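One letter stands for each residue in the lines below.
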Amino acid sequence: MVQKAEKIWFDGELVDWDAAQVHVLTHTLHYGVGVFEGIRCYKGSDGRPGIVRLREHVERLFDSARAVEMEIPFSQDEITKAIEQTVQVNNLAEGYIRPLAFIGDGVMGVHPGSNPVRVIIATWPWGAYLGDDALQKGIRVRTSSFSRHHVNVMMTKAKVCGNYVNSVLAKREAVADGYDEALMLDVDGYVAEATGENIFIVKHGVLKTPPLGPILGGITRDCLITLARDMGYSVIEQRFTRDELYNAEEAFFCGTAAEVTPIREVDRRQIGAGQAGPVTQLLQQEYFRVVRGENLKYAGWLHHFDS
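Reading the values: the criteria
Residues numbered from 1 in each chain as written. Predicted model: local features only at pLDDT ≥ 70, side-chain atom pairs only at ≥ 80, totals over all residues. Heavy atoms only, no water. Axes fitted to C-alpha atoms, helices over the stretch in contact; angles between N-to-C directions. Helix = DSSP H or I, 4+ residues; strand = E, 2+ residues; numbered from the N terminus. Parallel < 35°, antiparallel > 145°, perpendicular 65-115°, else oblique. Left-handed = near helix turned anticlockwise from the far one by under 90°. Contact = heavy atoms within 4.5 Å. Nonpolar A, V, L, I, M, F, W, Y, C, P; charged D, E, K, R; others polar. Domains from an automatic or database assignment. Buried area = accessible area lost by both parts, 1.4 Å probe. Salt bridge = Lys/Arg side-chain N within 4 Å of Asp/Glu carboxyl O. Pairing = 2+ DSSP bridges. Buried < 20%, exposed > 50% of the residue type's maximum accessible area, 1.4 Å probe, protein only. Phe/Tyr/Trp six-rings, centres within 6.5 Å; stacked < 30°, edge-to-face > 60°. Disulfide = S-S within 2.5 Å.

Enquirer: Hey, could you run me through the packing of helix α2 (residues 54-67) against helix α3 (residues 76-89) in this one?
Expert: Between two packed helices, what matters for the description is the angle formed by their axes and the separation of those axes. In contact at an axis separation of 10 Å, α2 and α3 are set at 125° when each is read in the N-to-C sense. As far as their axial angle goes, α3 and α2 are oblique. In terms of crossing hand, the pair formed by α2 and α3 is right-handed. In this structure, α2 contributes Leu54, Val58, Glu59, Leu61 and Phe62 to the contact, and α3 contributes Gln76, Ile79, Thr80 and Ile83. Its residues assigned to classes, the contact of α2 with α3 comprises six nonpolar, two polar and one charged.

So this is what it looks like as structure tokens:
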């Protein structure tokens, strides 16, 4: 269950958590056209919360809105300040931040007309997204019977609410079959991503991750590509198949919520040694050093503000 916070920022005002409500005829509730972000903040060694790559997250929120012709009635600077304010009022030293822009009630039917665009920002503490042991022991994954969207079916580079019906179906299927997560293939049968994470494989010290075709360009994915290259690894953005994944020495998912999660098994096939491999461990350790402010080389990735 989501742990309640004190306040939610709603259309420019801080309201009590339980008072942040909408009408049942809210357009996005019926038709799925809304956009959102998932952002984490971590308690740094100095005790301050550091919000990871806040500028990029806010920019992507607005890019997503533009892709679906939704005009957010606030500027990027205003949303940034609102995120700071919400984190501060809820005393969130470490946790998750969820901005959401959605179309409110008014007319019904597919075309939203002049219905207002509304915005909320919520925060809550959130631990390991895929389970307490996932970061250390790795997870079991199955290939979904559902394919990732074709690039001309949905706006695949946008975090649109309706896009995630695809993910919900795949996740439910995987969990019902006893797995932790689902692997999504693209419409051509190549590995794409998970239900809410990007994927990397490691073979002979080379990292490979799918290119930005049908997948969301994850901000954590971008961090790890930079970190890996700076650590001397070769990183290739290239399509690969399931059998290449099965024969990888290591594999891991990454994302704001999932962080860096090793994959120990896919479709009943053990990956590598069946646990987090050495490259995965190094990247995971370095990522956590960065987000906790312990590696000043990447200090620009953390957003701090005056409390």
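What follows picks up the thread again.
Enquirer: Help me understand the domain arrangement of the protein chain in this model?
Expert: Buried accessible area, meaning the area lost when the parts come together, often serves as the stated size of an interface. Annotation of the protein chain at the domain level lists domain 1 (7-124) and domain 2 (134-291). Centre-to-centre separation of domain 1 and domain 2, based on C-alpha positions: 26 Å. In this assembly, 19 residues from domain 1 lie in contact with 19 residues from domain 2. Roughly 1,600 Å² is buried in total at the junction of domain 1 and domain 2, and carbon and sulfur atoms are behind 63% of that figure. Of all residues in domain 1, Phe36, Tyr42 and Arg60 give up the largest surface area on contact with domain 2, accounting jointly for 35% of the area buried on that side. Run the count over domain 1 and domain 2 and you get two salt bridges. Residues Arg53 and Asp222 are paired through a salt bridge, measuring 2.7 Å at the closest nitrogen-oxygen approach. The class makeup of the residues in the side of domain 1 that touches domain 2 is nine nonpolar, five polar and five charged.

Enquirer: What exactly am I supposed to notice about the pairing of strand β5 (residues 49-52) here?
Expert: The two faces of a sheet get side chains in turn, since along a regular strand they alternate between them. In the sheet, strand β4 (residues 39-43) pairs with β5 via three bridges, with the strands oriented antiparallel. Residue pairing across strands places Tyr42 opposite Gly50, the latter belonging to β5. Connecting the antiparallel pair β4 and β5 is a turn made up of five residues, with Gly47 showing a positive phi of about 90°.

Enquirer: Sorry if this is basic, but what is going on with the pattern of salt bridges here?
Expert: Under the counting rule described, the total for this entry stands at 26 salt bridges. A salt bridge links Lys7 to Asp16; the nearest nitrogen and oxygen atoms lie 2.6 Å apart. Owing to a relative accessible area of 43%, Asp16 belongs among the partly exposed residues under this scheme. Put simply, Glu37 and Arg60 hold a salt bridge, and the shortest N to O gap is 2.8 Å. Taken together, the residues span a long stretch of sequence, with Glu37 in the loop between β3 (34-36) and β4 and Arg60 in helix α2 at a distance of 23 residues. A network of salt bridges, in which partner residues are shared, links Arg53, Arg55, Glu56, Glu59 and Asp222.

Enquirer: Teacher, can you tell me more about the packing of helix α6 (residues 219-230) against helix α8 (residues 278-291) here?
Expert: Where α6 meets α8, the closest approach of the two axes is 11 Å, and the angle between their N-to-C directions is 110°. Relative to α8, the element α6 lies roughly perpendicular. For the pair α6 and α8, the crossing hand works out as right-handed. Across the interface between the two elements, Thr220, Cys223, Leu224, Leu227 and Ala228 from α6 touch Leu283, Glu286, Tyr287 and Val290 from α8.

Enquirer: Explain the environment of Leu169 to me, please; I cannot follow it from the model alone.
Expert: Within the secondary structure, Leu169 is located in helix α5 (residues 164-176). On the basis of relative accessibility, which here comes to 37%, the residue Leu169 falls in the partly exposed class. For Leu169 and Ser145, which are 24 residues apart along the polypeptide, the C-alpha to C-alpha distance reads 9.4 Å.

Enquirer: How should I be thinking about the packing of aromatic side chains in this particular structure?
Expert: Two aromatic rings are characterised by how far apart their centres lie and by the angle between their planes. Taken as a whole and assessed by the stated rule, the structure comprises 11 aromatic pairs. Their ring planes at 90° and their centres at 5.4 Å tell us that Trp126 and Tyr129 sit as a pair that is edge-to-face. The class of Trp126 is partly exposed, set by a relative accessible area of 31%. Consider the rings of Tyr298 and Trp301, whose centres lie 4.8 Å apart with planes at 35°: the pair is tilted. In terms of burial, Tyr298 and Trp301 fall into one category: buried.

Enquirer: What is the right way to look at unusual backbone geometry in this model?
Expert: With the exception of glycine, the majority of residues adopt a negative phi angle, and the majority of peptide bonds are in the trans configuration. The backbone of His204 sits at a positive phi, close to 55°, despite the residue not being glycine. Tracing the backbone shows His204 in the loop between β11 (198-203) and β12 (206-209). Unlike most non-glycine residues, Arg268 shows phi in positive territory, near 70°. Here Arg268 lies in the loop between β15 (259-266) and β16 (269-270). Taking the relative accessible area as the measure of exposure, Arg268 reaches 68% and is therefore exposed.

Enquirer: So what exactly am I meant to see when it comes to the state of the cysteines here?
Expert: Disulfides are covalent bonds that connect the sulfur atoms of two cysteines. Per the stated rule, a full pass over the model turns up zero disulfides. The closest cysteine sulfur to the non-disulfide-bonded Cys223 is located on Cys254, 8.9 Å from its own sulfur. Exposure remark for Cys254: the relative accessible area of 1% places this residue in the buried category.

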